[in-house]
Structure formats: structure tokens, C-alpha cells
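Take a look at the letters that make up each chain.
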Amino acid sequence: MMEAAAQEKLISVIKEKFEGEIIEAGMVKDFFTLILKKEKIVDIVRHLYNHPEAKFQYLTTMFAVHYPDQNQIAMVYQLHNLATNQRVRLKIFLPADNPTTPTLTTVFSAANWMEREAFDFFGVISEGHPNLKRILNVEDMLIFPMRKEYPLEDQTREDKNDLMFGR
Amino acid sequence: MEASADIAPKVVKEEKQYSYLNLGPTHPATHGIFQNVLKMDGEVIVDATPTIGYIHRAFEKLAEHRPYNQITPITDRMNYCSSPINNIGWHMTVETLLGVEIPKRVQYLRVIIMELARITDHLVCNAVIGVDTGALTGFVYLFQQRELVYEIYEEICGARLTTNVGRIGGFERDFSPKAWEKINKFLKEFPIVLKEFEDLLKRNRIFMDRTIGCGGITAERALNYSFSGVNLRAAGVDYDVRAMNPYSSYEDFDFIIPVGTNGDVYDRFMVRQEEMWQSLSIIKQAIKKLPEGPFHAKVPEFYLPPKQEVYNNMEALIYHFKIVMGETEVPKGEVYHCVEGGNGELGFYLISDGGRQPFRLHLRRPCFIYYQAYPEMIKGSMLSDAILTMSSMNVIAGELDA
């Protein structure tokens with residue numbers, strides 16, 4: 001939970017260098033969330049990492065969300081300052097047809113597999129990633145299975161001959 | 001002597017030859033399904049390429065197609081060494097979304113069962129560190145105690161490994177007198193066994209020589225790799241979700257967060273060991289302070305009514321039907337809730353669009369995040385150290401692959 005003063009501070013820290021990048025800022029439930037423009041996200045994260053008054057040096061998690069109605073894919077970054085115990089959530093929206101974002105591995109080593117996961121399931125391409133390939137699914141998979149257009153397999157389908165697997 | 005240049009032996013430049021070793025996917029020493037292609041120079045590891053996903057079960061996709069109460073069994077199968085923590089973490093996430101006030105007694109009971117789960121989790125890991133260093137005795141001895149905890153689970157929820165404990169809002173029934181008896185028996189017997197196990201390895205010269213300086217990581221690297229839980233604390237960072245963002249009334253209890261200095265196998269072992277003692281102390285405090293009250297909150301939309309009421313009461317019948325058929329609508333919202341799991345910060349990021357199933361559920365699985373540091377941690381060490389490093393990191397395949 002972040003107090004209002006700390007929120008103001010954080011917004012001013014970002015505005016110092018990146019004026020006009022913040023689209024929206026506010027509390028979502030108990031979590032301070034910033035919606036940002038997609039272009040400079042990595043620079044902003046790096047700025048928050050290095051800035052003496054922010055020091056968000058722990059990447060809690062990072063993942064994608066598919067919004068089929070808006071035809072967008074959101075990337076969510078959750079940063080944590082372990083010294084002051086402040087958490088912030090950054091969100092960017094990418095077009096679902098061509099979701100590309102610069103890689104965060106230059107700031108956080110932990111982003112490596114998280115970005116691979118986002119690529120594997122949503123097709124988010126992290127430009128400059130050292131090893132961008134599928135991580136949990138088979139490599140010859142053709143689709144990005146977590147996108148909303150792919151339903152779970154219909155349990156009643158009969159056209160599949162899976163006798164060997166006892167179905 | 002002009003001719004010496006001809007006589008001098010020619011330096012033959014030979015390409016350095018590496019050998020490649022496939023460790024896994026189903027190697028008994030890796031305690032799970034992990035593949036690592038190790039590039040080796042003799043017995044020294046030069047590089048490692050982990051491949052994961054062998055037991056990927058698409059939990060996040062599956063969760064988008066299930067009602068909320070049916071997601072609990074999915075969470076069981078993540079870190080199956082401490083499934084109650086996963087279950088309760090999930091319940092608390094939904095409760096945060098719904099804004100439900102949970103009675104104190106439920107919170108304390110949850111703390112008791114979560115700490116029991118933490119003990120089993122750490123106990124398995126430390127016992128296995130013993131096995132991988134060649135001390136099987138402790139493993140067999142400690143597993144008897146794990147059995148006792150499983151019997152407690154059995155008394156509380158009927159299951160042992162994949163517990164599905166509790167419900168959204170509390171527990172399905174209060175702890176029975178038999179469960180309390182078993183908990184008290186465990187609290188009496190376990191410290192003796194744990195002490196003995198600790199004495200066996202803590203100052204054991206062979207064990208210390210084997211584990212100190214093996215598989216270490218600095219605090220800076222650990223933070224950059226977003227380590228959490230024991231692995232981060234062993235490196236010297238005192239980050240524990242229970243203390244930083246207390247949930248389920250953890251702020252009511254006194255406990256110490258042990259930290260290491262080198263982040264090596266020995267430190268991880270010692271941190272886990274101390275955490276088990278702290279967990280024991282937390283359980284004792286919780287039992288001592290346990291308040292009276294209901295064992296579940298009033299959330300009829302999510303909490304199954306007692307069977308007698310279903311037959312005699314209209315509302316109960318309706319709620320029962322709605323819960324069983326998965327027709328409960330959940331308000332719109334977006335929450336992130338994290339608990340201190342056996343391996344670290346276990347986070348649930350839940351987006352609800354007002355429907356009956358989550359719009360998106362992202363699971364922050366600590367294993368998945370810290371296992372990517374494994375190649376870096378074993379570079380330059382021996383093959384047997386790599387095995388030991390993996391077991392001391394407590395990488396659980398179920399959590400890793402989700």
C-alpha cells in the first residue's frame with residue numbers, strides 16, 4: 001500500500017525525465033497502478049531502478065493479459081522497493097496483431113523467462129531478448145494458447161482418435 | 001645458433017573439446033522432471049541449458065474456464081510439498097477481491113495449517129539435501145514426521161497430499177478434537193526429531209565441507225533474479241512476505257526471519273532449519289491465543305451451506321445449486337495477493353470481468369522465477385555440486401511448470 005504523498009513523489013520522479021508518458025495513475029484496489037505509453041517502458045523502469053528516490057529494484061512479476069474486445073495485449077510489470085516496502089504496477093497496452101516491446105532483461109535478469117513465458121503464451125515479442133523461444137509449450141506449436149480466441153478443448157469431441165491414451 | 005628455430009617444438013593448436021551431458025529429464029537425482037544439457041570440461045560445468053515444461057498443465061488457461069471454488073484443486077498441484085499454503089493463498093486472493101472480512105479464528109487456524117505446511121516443505125527439502133550429500137538416515141527419520149503432519153491434514157480436510165483445504169471464507173468444519181490431539185502430539189514429538197536431525201548435520205565436518213561455498217549466489221544477483229523466500233534470505237536479504245505484507249494476522253505473532261550470508265547450500269539449509277523452529281513457535285503462539293468464534297465468514301455465495309439446510313431452506317438450496325454448478329458471479333476487479341509459500345513469494349494476480357470465471361489468473365510461481373539463475377549458479381562447479389544446488393534450491397517441478 002502506498003500513501004498519497006509517495007504516489008505523488010513517484011509520479012514526479014517519472015515526470016522528471018519522461019513528461020507525458022503517464023496515461024493514467026491511480027489505485028486499483030490496494031495497489032498503485034500506472035498506465036504508461038508503450039514506447040519508453042524499459043527506460044522508465046530503468047529510471048525507477050536507478051533514481052535515488054524510487055529505487056524499485058525488485059521485479060515481482062511480469063506477464064501479459066489479452067483483451068480481445070480492444071484487440072490489445074497488456075503487459076503488466078510489478079516492481080517492489082524492498083527497503084521502503086512500496087509496490088507499483090506498470091501497465092502498457094500493445095496491439096494484439098503485433099505486440100512488440102523492448103526487452104527488460106537489460107535491467108532485470110529475472111525478466112528473461114518471464115518474457116519467454118509472455119512470448120510462449122501470448123506472442124509478445126521482446127526485442128533484444130537473448131533467447132526468445134517457447135518455454136513451457138512444445139517448440140513447434142503454432143498458436144499462442146493463452147489468447148482468448150483459443151478455447152479449451154471440447155471434452156465431448158469425437159473426431160480425435162486417442163484410443164492409446166484411454167480417452 | 002641459428003638453427004634453433006627449426007628444432008623448437010611446434011605448438012600444435014588444438015580446439016578445446018567439451019563434452020555434453022544430458023542431465024534429466026527423468027534423472028533420479030534431480031527429484032522431478034528437469035532437463036539440463038550440461039556443457040562440461042572434464043567434470044567441471046562450463047554452461048548449462050535448462051529445458052522446462054515437461055509437466056506443464058496449463059493452469060492459467062484452465063483457471064479461465066472454471067468457477068472460483070474449483071480453482072483451489074489446481075493450486076494444490078503447484079507446490080505439492082506445501083499445498084495448504086497454495087490453497088489458502090488462493091482463498092485469500094478471492095476474499096480480497098470480494099472484500100470479505102475473515103473471522104480472527106479462521107485466520108489463526110489458517111496460520112496453524114500454513115505453518116505446518118511450511119514445516120513439511122522445508123523438512124522435505126532439508127532431508128533431501130542430506131540425501132544428496134550421502135546421509136540417507138535423516139531423510140528416513142524426518143519423513144516419519146511428515147507422515148504425522150499429513151495425518152493432521154487428513155483430520156482437517158480428508159486429504160493428504162493435494163489437500164484442497166478450506167473454502168473461500170474459511171474452513172468447511174472446525175478442527176476436530178482428534179485433529180487438536182494430533183497437532184499437540186506433533187508439537188511434542190517433532191522438536192526432538194528436528195533437534196536430532198540438526199545435530200546430525202549442522203556441525204558435521206563432512207556435511208559442512210560438502211555444502212559451504214557450494215552453489216552460492218550474491219545478494220545483488222539474487223535480487224536481480226527476483227529470488228524470494230529461503231533462497232533470497234540465505235543470500236542475506238531479509239525479505240519475507242509474512243513480515244513485509246502481513247496477511248492472515250501474521251502481525252500478531254513474534255517470529256524471527258533468519259538470514260544467511262553466502263547464499264550457498266549450507267546457508268539455505270540453515271535458514272530452512274531455523275524457519276522450522278520459528279514455524280513451530282508460531283503454531284504454539286496461535287494455539288495459545290486462538291480466539292473463539294465461527295470457523296467461516298458469512299459468504300453464502302461461495303461457502304457451501306450445511307447439507308441439512310439445503311434440504312430445509314430455500315436460500316441454502318439456491319446457493320448450494322449455484323456453487324455446485326459454478327454459477328456465482330464475481331464482482332469486477334483486479335487484485336494481487338501474495339503469501340509466503342514454501343519457496344518464496346507465491347502471488348496470485350486475479351482479474352475478474354464480472355463473470356463466473358476469472359478473466360485472467362496469473363500465478364507468480366517463485367520456482368519459475370529463481371530457477372532461471374541455476375546455470376549461473378552452477379557454472380564452474382562440479383557435477384555433483386550441481387545436483388546438490390538444485391535440491392537445495394527446492395525446485396518443485398509442479399510449481400515450475402504450472
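Look above for the structure.
The structure reproduced in this document is the subject of the present report. (Residues numbered from 1 in each chain as written. Chains lettered and ligands numbered in written order. Predicted model: local features only at pLDDT ≥ 70, side-chain atom pairs only at ≥ 80, totals over all residues.)

Our focus in this paragraph is the overall build of chain B. Each helix and strand in chain B was counted, giving 18 helices and six strands. Along the longest, intermediate and shortest principal axes, the C-alpha atoms of chain B span 115 × 45 × 35 Å. Of all 402 residues assigned to chain B, the portion counted as buried reaches 48%. Of the contacts made within chain B by residues no fewer than 6 positions apart, 71% connect residues no fewer than 24 positions apart. (Helix = DSSP H or I, 4+ residues; strand = E, 2+ residues; numbered from the N terminus. Buried ≥ 20, exposed ≤ 12 C-beta atoms within 10 Å, placed from the backbone. Contact = placed C-beta atoms within 7 Å.)

Let's shift gears to the sheet that holds strand β1 (residues 22-28) of chain A. All names here are of chain A. What the five strands build is an open sheet, ordered β1-β2-β5-β4-β3; its pairing is mixed. The sheet terminates laterally at β1 and β3 (58-67), the two strands that pair on one side only. When the angles between neighbouring strand axes are averaged without regard to direction, this sheet yields 20°. Where strand β2 (residues 31-36) lies against strand β5 (residues 86-95), four bridges are found, and the strand directions are parallel. Bridging across to β5, isoleucine 35 finds its partner in lysine 91. Here helix α1 (residues 4-17) sits on the sheet in contact with β1, β2 and β5, set at roughly 160° to β1. Strands β3 and β4 (72-81) of the sheet are contacted by helix α3 (residues 111-122), whose axis makes an angle of about 10° with β3. (Pairing = 2+ DSSP bridges. Axes fitted to C-alpha atoms, helices over the stretch in contact; angles between N-to-C directions.)

Quick look at the sheet that holds strand β5 (residues 345-352) of chain B now. Sheet strands pair by backbone hydrogen bonding; their relative direction is either parallel or antiparallel. Residues and elements named next belong to chain B. On the basis of which strands lie adjacent, the open sheet formed by three strands has the order β4-β5-β6 and antiparallel pairing. Because the sheet does not close on itself, it has two edges, and the strands there are β4 (333-340) and β6 (360-364). Sheet twist, expressed as the average angle between the axes of neighbouring strands with direction ignored, equals 10°. Two strands pair when backbone bridges link them, and β5 and β6 are joined in this way by five bridges, in the antiparallel orientation. Bridge pairing links glycine 347 to arginine 364 in β6.

Membership of the largest hydrophobic core comes to 149 residues, with the highest contact counts inside it found for Ala64(A) and Ala118(A). The element that contributes the greatest number of residues to this core is helix α5 (residues 104-132) of chain B, accounting for 15 residues. In this structure Ala118(A) touches Phe63(A), Ala64(A), Met75(A) and Val124(A), once residues within four positions along its chain are discounted. (Core = buried A, V, L, I, M, F, W, Y, C linked by C-beta atoms within 7 Å.)

To continue, consider α5(B). Working note: α-helix, 3.6 residues per turn, so residues spaced by three or four point in the same direction. With 29 residues, α5(B) ought to run about 42 Å at 1.5 Å a step, and its terminal C-alpha atoms sit 42 Å apart, in line with that. A large share of α5(B) lies buried, amounting to 25 of its 29 residues. (Expected span 1.5 Å × (residues − 1).)

Residue and element names in this part refer to chain B. Following both chains from N to C, one finds helix α12 (residues 265-289) and helix α17 (residues 383-393) inclined at 25°, their axes separated by 10 Å at the closest point. Accordingly, the angle class assigned to the pair α12 and α17 is roughly parallel. Seen along the crossing, α12 lies across α17 with a hand that is left-handed. Taken together, the residues of α17 that come into contact with α12 (itself represented by Val265, Arg268 and Phe269) are Leu388, Thr389 and Ser392. Residue composition of the contact of α12 with α17, by class: three nonpolar, two polar and one charged. (Parallel < 35°, antiparallel > 145°, perpendicular 65-115°, else oblique. Left-handed = near helix turned anticlockwise from the far one by under 90°. Nonpolar A, V, L, I, M, F, W, Y, C, P; charged D, E, K, R; others polar.)

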